[in-house]
Amino acid sequence: MSAPDERWNPDDGPAPTDEERAEAARLSDALARPVAPEDPALRELVAVARRVHATAHPARDEHRAVVDRVTRQVLAPSRSLSSPARGLVRRLWPFAVAAAAVLVVGVSVGRAKPDASHPSPSISRDVDDVLRAPVRPGSASAPATQVYDARLSAWREIYLSRGSR
Amino acid sequence: MVLTAPAAEEKALVEAAQAGDVEAIRMLLDRVSRPLYAAVILPRIGIAADAEDILRETLLRAIDRLHTFHWTGAGFFPWLRQIAIHQVIDHVRRVQRRTRLEERFERQAADVMPLHHAGAEEALIDQQERALSLKTMSVAMDALNDRYRTAITLRLLEERSREECAEALGVTLGNFDVILHRALAALRKAYGVR
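This one's a predicted model, so the numbers in the text were calculated from it and none came from an experiment.

Within chain B, the secondary structure is distributed over nine helices and zero strands. Scored against the burial criterion, the 194 residues of chain B give a buried share of 52%. Pairs at least 24 apart in sequence give 61% of the contacts found in chain B among residues at least 6 apart. As displayed, chain B has an accessible area near 8500 Å², and 54% of this comes from carbon and sulfur atoms.

Helix and strand counts for chain A come out as six helices and zero strands. When the helices and strands of chain A are listed from N to C terminus, the series reads α-α-α-α-α-α. Looking at chain A residue by residue over its 165 residues, the buried ones come to 24%. Residue pairs at least 24 apart in sequence account for 21% of intrachain contacts in chain A once pairs closer than 6 positions are excluded. As displayed, chain A offers around 11800 Å² of accessible surface, 61% of which is attributable to carbon and sulfur atoms.

The next point concerns the confidence of the model for chain B. All names here are of chain B. Scored by pLDDT, chain B has a mean of 85; 87% of the residues are at 70 or more. Averaged over each element, pLDDT in chain B is lowest for helix 5 (residues 100-110) (69) and highest for helix 8 (residues 162-169) (94). Model confidence for the complex: the whole-complex pTM is 0.59, and ipTM, which rates the interface, is 0.71.

Oppositely charged side chains can pair when the atoms bearing their charge come close. According to the stated counting rule, one finds 18 salt bridges over all chains in the structure shown. Salt-bridge contacts for Asp 29 of chain A lead to Arg 33 of chain A; the nearest nitrogen and oxygen are separated by 3.1 Å. A residue is classified by how much of its surface remains accessible, and Asp 29 of chain A, at 38% relative accessible area, is partly exposed. With its nearest N and O atoms 3.7 Å apart, the salt bridge here joins Lys 11 of chain B to Glu 15 of chain B. With Lys 11 of chain B and Glu 15 of chain B both in helix 1 (residues 5-18), this residue pair falls four residues apart, about one helical turn. By relative accessible area, which is 28% here, Lys 11 of chain B ends up partly exposed.

With that out of the way, let us pick up helix 2 (residues 22-45) of chain B. All names here are of chain B. The end-to-end C-alpha distance of helix 2, which contains 24 residues, comes to just 29 Å, noticeably less than the 34 Å that a straight helix rising 1.5 Å per residue would cover. Buried residues dominate helix 2, accounting for 18 of its 24 residues. Of the residues that open helix 2, the one with a side-chain oxygen 2.9 Å from the backbone nitrogen of Glu 23 is Asp 21. Gly 46 lies just past helix 2 and shows a positive phi near 90°.

So, on to helix 7 (residues 146-157) of chain B. Within helix 7 of chain B, burial applies to Arg 147, Tyr 148, Ala 151, Ile 152, Leu 154 and Leu 156 of chain B. Looking at the buried residues of helix 7 of chain B, the elements they touch are helix 2 (40-56) of chain A together with helix 6 (122-142), helix 8 and helix 9 (173-191) of chain B. For helix 7 of chain B, the side-chain oxygen to backbone nitrogen distance between the N-cap and Arg 147 of chain B is 2.9 Å, and the N-cap itself is Asn 145 of chain B. The first or second residue beyond helix 7 of chain B is Glu 159 of chain B, which carries a positive phi of 55°.

Each value, and the rule that gives it
Residues numbered from 1 in each chain as written. Chains lettered and ligands numbered in written order. Predicted model: local features only at pLDDT ≥ 70, side-chain atom pairs only at ≥ 80, totals over all residues. Heavy atoms only, no water. Helix = DSSP H or I, 4+ residues; strand = E, 2+ residues; numbered from the N terminus. Buried < 20%, exposed > 50% of the residue type's maximum accessible area, 1.4 Å probe, protein only. Contact = heavy atoms within 4.5 Å. Areas by Shrake-Rupley, 256 points an atom, 1.4 Å probe, with all protein chains shown as cover. pLDDT = per-residue confidence, 0-100. Salt bridge = Lys/Arg side-chain N within 4 Å of Asp/Glu carboxyl O. Expected span 1.5 Å × (residues − 1). Polar contact = N/O pair within 3.5 Å; in protein donor to acceptor, adjacent residues only side chain to side chain.

Structure representation (C-alpha coordinates):
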(Lines give C-alpha, C1' and ligand atoms only; values in the text may rest on other atoms or scores of the structure.)
Protein backbone atom coordinates (compact mmCIF):
# COMPACT_ATOMS: atom_id res chain seq x y z
CA MET A 1 0.00 0.00 0.00
CA SER A 2 1.42 3.37 -0.95
CA ALA A 3 1.60 6.13 1.65
CA PRO A 4 -0.89 8.95 1.17
CA ASP A 5 0.48 12.00 -0.57
CA GLU A 6 1.15 14.73 1.97
CA ARG A 7 1.19 17.33 -0.78
CA TRP A 8 -1.94 19.02 -1.97
CA ASN A 9 -3.22 17.68 -5.29
CA PRO A 10 -3.86 20.60 -7.70
CA ASP A 11 -6.78 18.60 -9.16
CA ASP A 12 -8.60 19.28 -5.87
CA GLY A 13 -8.44 23.04 -6.39
CA PRO A 14 -6.13 25.70 -4.94
CA ALA A 15 -4.10 24.75 -1.88
CA PRO A 16 -6.12 25.30 1.30
CA THR A 17 -5.27 27.98 3.82
CA ASP A 18 -4.81 27.16 7.49
CA GLU A 19 -8.19 28.73 8.12
CA GLU A 20 -9.86 26.45 5.57
CA ARG A 21 -8.15 23.41 7.07
CA ALA A 22 -9.44 24.38 10.51
CA GLU A 23 -12.96 24.86 9.13
CA ALA A 24 -12.77 21.46 7.37
CA ALA A 25 -11.68 19.82 10.61
CA ARG A 26 -14.62 21.42 12.44
CA LEU A 27 -16.99 20.10 9.76
CA SER A 28 -15.53 16.62 10.07
CA ASP A 29 -16.04 16.78 13.83
CA ALA A 30 -19.62 18.10 13.46
CA LEU A 31 -20.54 15.30 11.04
CA ALA A 32 -19.54 12.75 13.66
CA ARG A 33 -21.87 14.26 16.27
CA PRO A 34 -25.63 13.74 16.43
CA VAL A 35 -26.39 17.36 17.37
CA ALA A 36 -26.23 20.05 14.69
CA PRO A 37 -23.61 22.79 15.29
CA GLU A 38 -24.62 26.31 16.30
CA ASP A 39 -22.40 28.08 13.76
CA PRO A 40 -24.77 28.90 10.85
CA ALA A 41 -22.23 28.30 8.05
CA LEU A 42 -21.20 24.95 9.48
CA ARG A 43 -24.81 24.06 10.20
CA GLU A 44 -25.70 24.58 6.53
CA LEU A 45 -22.98 22.20 5.35
CA VAL A 46 -23.97 19.62 7.96
CA ALA A 47 -27.58 19.93 6.79
CA VAL A 48 -26.52 19.27 3.18
CA ALA A 49 -24.54 16.21 4.28
CA ARG A 50 -27.45 14.89 6.33
CA ARG A 51 -29.86 15.48 3.46
CA VAL A 52 -27.64 13.41 1.18
CA HIS A 53 -27.40 10.69 3.80
CA ALA A 54 -31.13 10.69 4.57
CA THR A 55 -31.93 10.52 0.86
CA ALA A 56 -29.64 7.61 0.17
CA HIS A 57 -30.34 5.44 3.17
CA PRO A 58 -33.50 3.59 4.06
CA ALA A 59 -35.29 4.74 7.18
CA ARG A 60 -33.71 3.56 10.35
CA ASP A 61 -35.24 2.56 13.66
CA GLU A 62 -34.61 6.01 15.10
CA HIS A 63 -36.97 7.42 12.50
CA ARG A 64 -39.69 5.19 13.86
CA ALA A 65 -38.89 6.33 17.41
CA VAL A 66 -39.09 10.01 16.41
CA VAL A 67 -42.37 9.51 14.58
CA ASP A 68 -43.89 7.55 17.46
CA ARG A 69 -42.90 10.27 19.92
CA VAL A 70 -44.28 13.09 17.79
CA THR A 71 -47.49 11.25 17.01
CA ARG A 72 -48.06 10.56 20.71
CA GLN A 73 -47.49 14.22 21.55
CA VAL A 74 -49.78 15.41 18.80
CA LEU A 75 -52.53 13.06 19.84
CA ALA A 76 -52.18 13.69 23.57
CA PRO A 77 -55.55 14.09 25.39
CA SER A 78 -55.37 17.88 25.32
CA ARG A 79 -55.28 17.69 21.55
CA SER A 80 -58.21 15.33 21.24
CA LEU A 81 -60.79 18.02 20.58
CA SER A 82 -62.51 17.59 17.30
CA SER A 83 -61.14 19.66 14.43
CA PRO A 84 -63.96 22.24 14.30
CA ALA A 85 -63.71 22.79 18.06
CA ARG A 86 -59.95 23.27 17.89
CA GLY A 87 -60.38 25.56 14.93
CA LEU A 88 -62.90 27.63 16.89
CA VAL A 89 -60.56 27.87 19.87
CA ARG A 90 -57.71 28.94 17.61
CA ARG A 91 -59.87 31.57 15.96
CA LEU A 92 -61.18 32.97 19.23
CA TRP A 93 -58.08 33.03 21.38
CA PRO A 94 -56.68 36.32 19.96
CA PHE A 95 -59.97 38.01 20.90
CA ALA A 96 -59.82 36.49 24.38
CA VAL A 97 -56.26 37.77 24.82
CA ALA A 98 -57.28 41.23 23.55
CA ALA A 99 -60.26 41.34 25.94
CA ALA A 100 -58.02 40.35 28.86
CA ALA A 101 -55.52 43.06 27.90
CA VAL A 102 -58.28 45.70 27.76
CA LEU A 103 -59.53 44.56 31.17
CA VAL A 104 -56.05 44.80 32.72
CA VAL A 105 -55.45 48.26 31.24
CA GLY A 106 -58.88 49.42 32.36
CA VAL A 107 -58.33 48.27 35.93
CA SER A 108 -54.87 49.86 36.03
CA VAL A 109 -56.12 53.21 34.72
CA GLY A 110 -59.10 53.10 37.04
CA ARG A 111 -56.84 52.60 40.02
CA ALA A 112 -54.39 55.26 38.94
CA LYS A 113 -57.06 57.98 38.48
CA PRO A 114 -59.98 57.61 40.88
CA ASP A 115 -63.14 59.49 40.07
CA ALA A 116 -62.98 62.80 42.02
CA SER A 117 -66.78 63.14 42.15
CA HIS A 118 -67.02 60.00 44.25
CA PRO A 119 -64.25 60.21 46.86
CA SER A 120 -63.45 56.82 48.13
CA PRO A 121 -63.17 56.36 51.89
CA SER A 122 -59.65 56.54 53.20
CA ILE A 123 -58.36 53.41 54.78
CA SER A 124 -56.22 55.41 57.25
CA ARG A 125 -59.22 57.46 58.31
CA ASP A 126 -61.12 54.26 59.04
CA VAL A 127 -58.22 53.12 61.17
CA ASP A 128 -58.26 56.41 63.03
CA ASP A 129 -61.98 56.17 63.63
CA VAL A 130 -61.49 52.78 65.14
CA LEU A 131 -58.64 53.96 67.30
CA ARG A 132 -60.50 57.07 68.55
CA ALA A 133 -63.67 55.22 69.36
CA PRO A 134 -64.17 54.26 72.99
CA VAL A 135 -63.00 50.84 73.84
CA ARG A 136 -65.95 48.57 74.34
CA PRO A 137 -65.08 45.48 76.23
CA GLY A 138 -67.11 42.67 74.85
CA SER A 139 -67.57 40.65 77.92
CA ALA A 140 -66.01 42.37 80.89
CA SER A 141 -65.89 39.20 82.80
CA ALA A 142 -63.77 37.38 80.21
CA PRO A 143 -60.07 37.64 81.13
CA ALA A 144 -58.97 37.36 77.50
CA THR A 145 -61.16 40.32 76.53
CA GLN A 146 -59.82 42.39 79.40
CA VAL A 147 -56.22 41.75 78.32
CA TYR A 148 -57.09 42.58 74.71
CA ASP A 149 -58.84 45.84 75.72
CA ALA A 150 -55.90 46.88 77.86
CA ARG A 151 -53.45 46.31 75.03
CA LEU A 152 -55.65 48.12 72.52
CA SER A 153 -55.98 51.13 74.85
CA ALA A 154 -52.23 51.30 75.35
CA TRP A 155 -51.56 51.09 71.65
CA ARG A 156 -54.15 53.78 70.92
CA GLU A 157 -52.47 56.17 73.36
CA ILE A 158 -49.08 55.65 71.78
CA TYR A 159 -50.48 56.04 68.27
CA LEU A 160 -52.35 59.26 68.99
CA SER A 161 -49.50 60.81 71.02
CA ARG A 162 -47.14 60.47 68.03
CA GLY A 163 -49.48 62.43 65.79
CA SER A 164 -50.40 59.71 63.43
CA ARG A 165 -51.45 61.87 60.47
CA MET B 1 -65.26 4.21 -9.18
CA VAL B 2 -64.60 0.91 -7.40
CA LEU B 3 -62.05 1.22 -4.63
CA THR B 4 -59.49 -1.44 -3.81
CA ALA B 5 -59.73 -2.90 -0.30
CA PRO B 6 -56.83 -0.83 1.10
CA ALA B 7 -58.24 2.31 -0.53
CA ALA B 8 -61.71 1.61 0.88
CA GLU B 9 -60.18 1.06 4.31
CA GLU B 10 -58.27 4.33 4.07
CA LYS B 11 -61.37 6.20 2.97
CA ALA B 12 -63.32 4.79 5.92
CA LEU B 13 -60.53 5.84 8.27
CA VAL B 14 -60.54 9.36 6.84
CA GLU B 15 -64.30 9.64 7.28
CA ALA B 16 -64.10 8.42 10.87
CA ALA B 17 -61.24 10.82 11.55
CA GLN B 18 -63.23 13.71 10.10
CA ALA B 19 -66.07 12.78 12.43
CA GLY B 20 -63.68 13.32 15.35
CA ASP B 21 -62.69 9.70 16.06
CA VAL B 22 -59.27 10.09 17.72
CA GLU B 23 -58.42 6.42 17.22
CA ALA B 24 -59.02 6.80 13.48
CA ILE B 25 -56.81 9.90 13.41
CA ARG B 26 -54.09 7.96 15.21
CA MET B 27 -54.31 5.06 12.74
CA LEU B 28 -54.20 7.42 9.76
CA LEU B 29 -51.17 9.27 11.08
CA ASP B 30 -49.46 6.00 12.00
CA ARG B 31 -49.76 4.80 8.42
CA VAL B 32 -48.14 7.80 6.83
CA SER B 33 -46.01 9.58 9.41
CA ARG B 34 -42.86 7.53 9.04
CA PRO B 35 -42.44 7.95 5.27
CA LEU B 36 -43.46 11.57 5.74
CA TYR B 37 -40.57 12.09 8.14
CA ALA B 38 -37.95 9.80 6.61
CA ALA B 39 -38.62 10.31 2.91
CA VAL B 40 -40.24 13.75 2.63
CA ILE B 41 -39.12 16.02 5.47
CA LEU B 42 -35.66 14.83 6.55
CA PRO B 43 -34.17 14.63 3.03
CA ARG B 44 -35.28 18.23 2.45
CA ILE B 45 -34.11 19.62 5.80
CA GLY B 46 -31.19 17.48 6.92
CA ILE B 47 -31.18 18.51 10.58
CA ALA B 48 -33.08 15.88 12.55
CA ALA B 49 -34.29 18.25 15.30
CA ASP B 50 -35.72 20.68 12.73
CA ALA B 51 -37.30 17.80 10.81
CA GLU B 52 -38.96 16.58 14.02
CA ASP B 53 -40.43 20.05 14.64
CA ILE B 54 -41.73 20.17 11.09
CA LEU B 55 -43.30 16.73 11.43
CA ARG B 56 -45.06 17.89 14.61
CA GLU B 57 -46.35 21.06 12.94
CA THR B 58 -47.45 19.08 9.90
CA LEU B 59 -49.47 16.60 11.95
CA LEU B 60 -51.07 19.37 14.02
CA ARG B 61 -51.99 21.31 10.92
CA ALA B 62 -53.35 18.18 9.29
CA ILE B 63 -55.61 17.52 12.30
CA ASP B 64 -56.77 21.14 12.28
CA ARG B 65 -57.60 21.05 8.60
CA LEU B 66 -58.86 17.50 8.40
CA HIS B 67 -62.39 18.71 7.76
CA THR B 68 -61.18 20.43 4.56
CA PHE B 69 -59.83 17.20 3.04
CA HIS B 70 -61.91 15.84 0.18
CA TRP B 71 -61.44 12.31 -1.01
CA THR B 72 -60.30 12.33 -4.63
CA GLY B 73 -59.02 8.80 -5.03
CA ALA B 74 -55.36 9.71 -4.63
CA GLY B 75 -55.57 8.97 -0.94
CA PHE B 76 -54.54 10.74 2.22
CA PHE B 77 -50.76 10.81 1.79
CA PRO B 78 -50.44 13.31 -1.10
CA TRP B 79 -52.55 15.80 0.87
CA LEU B 80 -50.39 15.36 3.97
CA ARG B 81 -47.23 15.54 1.85
CA GLN B 82 -48.31 18.93 0.49
CA ILE B 83 -48.83 20.24 4.01
CA ALA B 84 -45.40 18.90 4.98
CA ILE B 85 -43.66 20.55 2.04
CA HIS B 86 -45.34 23.87 2.83
CA GLN B 87 -44.12 23.53 6.41
CA VAL B 88 -40.63 22.86 5.02
CA ILE B 89 -40.91 26.01 2.88
CA ASP B 90 -42.00 28.04 5.92
CA HIS B 91 -39.00 26.71 7.80
CA VAL B 92 -36.61 27.61 4.97
CA ARG B 93 -38.19 31.08 4.83
CA ARG B 94 -37.61 31.56 8.54
CA VAL B 95 -33.99 30.45 8.23
CA GLN B 96 -33.17 32.65 5.27
CA ARG B 97 -34.70 34.83 2.67
CA ARG B 98 -36.12 33.36 -0.51
CA THR B 99 -33.75 30.81 -2.02
CA ARG B 100 -33.57 28.45 -4.94
CA LEU B 101 -34.26 25.62 -2.51
CA GLU B 102 -37.54 27.22 -1.49
CA GLU B 103 -38.53 27.66 -5.14
CA ARG B 104 -37.75 24.03 -5.85
CA PHE B 105 -39.84 22.86 -2.91
CA GLU B 106 -42.72 25.06 -4.04
CA ARG B 107 -42.66 23.28 -7.40
CA GLN B 108 -42.61 19.93 -5.62
CA ALA B 109 -45.57 20.93 -3.44
CA ALA B 110 -47.52 21.90 -6.54
CA ASP B 111 -46.66 18.63 -8.30
CA VAL B 112 -49.43 16.13 -8.56
CA MET B 113 -47.96 12.82 -7.50
CA PRO B 114 -49.33 10.29 -9.95
CA LEU B 115 -47.36 7.49 -8.33
CA HIS B 116 -49.13 7.69 -5.02
CA HIS B 117 -52.51 6.11 -4.75
CA ALA B 118 -55.05 5.59 -2.06
CA GLY B 119 -54.27 2.77 0.33
CA ALA B 120 -50.63 2.67 -0.71
CA GLU B 121 -48.42 0.83 1.74
CA GLU B 122 -45.96 2.79 3.85
CA ALA B 123 -43.05 1.02 2.13
CA LEU B 124 -44.32 1.92 -1.34
CA ILE B 125 -44.84 5.57 -0.43
CA ASP B 126 -41.37 5.62 1.10
CA GLN B 127 -39.85 4.05 -2.01
CA GLN B 128 -41.55 6.49 -4.38
CA GLU B 129 -40.61 9.55 -2.34
CA ARG B 130 -37.05 8.34 -2.01
CA ALA B 131 -36.80 7.80 -5.78
CA LEU B 132 -37.85 11.41 -6.31
CA SER B 133 -35.28 12.70 -3.80
CA LEU B 134 -32.54 10.47 -5.25
CA LYS B 135 -33.23 11.83 -8.70
CA THR B 136 -32.91 15.42 -7.45
CA MET B 137 -29.72 14.59 -5.60
CA SER B 138 -28.27 12.72 -8.56
CA VAL B 139 -28.73 15.75 -10.82
CA ALA B 140 -26.95 17.92 -8.25
CA MET B 141 -24.11 15.40 -7.82
CA ASP B 142 -23.55 15.27 -11.58
CA ALA B 143 -22.65 18.96 -11.50
CA LEU B 144 -19.67 18.28 -9.18
CA ASN B 145 -16.16 17.43 -10.27
CA ASP B 146 -15.16 13.76 -10.04
CA ARG B 147 -13.03 14.02 -6.91
CA TYR B 148 -15.68 15.91 -4.97
CA ARG B 149 -18.37 13.47 -6.09
CA THR B 150 -16.20 10.54 -5.02
CA ALA B 151 -15.59 12.10 -1.59
CA ILE B 152 -19.34 12.51 -0.97
CA THR B 153 -20.20 9.10 -2.35
CA LEU B 154 -17.66 7.29 -0.20
CA ARG B 155 -18.29 9.18 3.03
CA LEU B 156 -22.04 9.83 2.97
CA LEU B 157 -23.60 7.34 0.58
CA GLU B 158 -21.35 4.37 1.29
CA GLU B 159 -20.78 5.43 4.92
CA ARG B 160 -17.08 4.61 4.80
CA SER B 161 -14.74 5.86 7.53
CA ARG B 162 -12.60 8.96 7.01
CA GLU B 163 -9.51 6.77 6.90
CA GLU B 164 -10.94 4.57 4.14
CA CYS B 165 -12.07 7.61 2.16
CA ALA B 166 -8.67 9.28 2.48
CA GLU B 167 -6.96 6.08 1.39
CA ALA B 168 -9.28 5.66 -1.61
CA LEU B 169 -8.46 9.20 -2.75
CA GLY B 170 -4.76 8.78 -1.96
CA VAL B 171 -4.61 11.78 0.38
CA THR B 172 -4.02 12.46 4.06
CA LEU B 173 -6.91 12.67 6.52
CA GLY B 174 -6.52 16.46 6.75
CA ASN B 175 -6.59 16.83 2.98
CA PHE B 176 -9.63 14.56 2.76
CA ASP B 177 -11.44 16.80 5.25
CA VAL B 178 -10.73 19.79 3.02
CA ILE B 179 -11.94 17.94 -0.09
CA LEU B 180 -15.17 16.91 1.64
CA HIS B 181 -15.68 20.44 2.94
CA ARG B 182 -15.30 21.86 -0.58
CA ALA B 183 -17.45 19.10 -2.04
CA LEU B 184 -20.32 19.85 0.34
CA ALA B 185 -20.02 23.59 -0.28
CA ALA B 186 -20.23 22.90 -4.03
CA LEU B 187 -23.16 20.53 -3.55
CA ARG B 188 -24.94 23.12 -1.40
CA LYS B 189 -24.96 25.44 -4.40
CA ALA B 190 -26.14 22.75 -6.81
CA TYR B 191 -28.52 20.93 -4.46
CA GLY B 192 -30.15 23.97 -2.99
CA VAL B 193 -29.02 26.81 -0.81
CA ARG B 194 -30.60 26.99 2.61
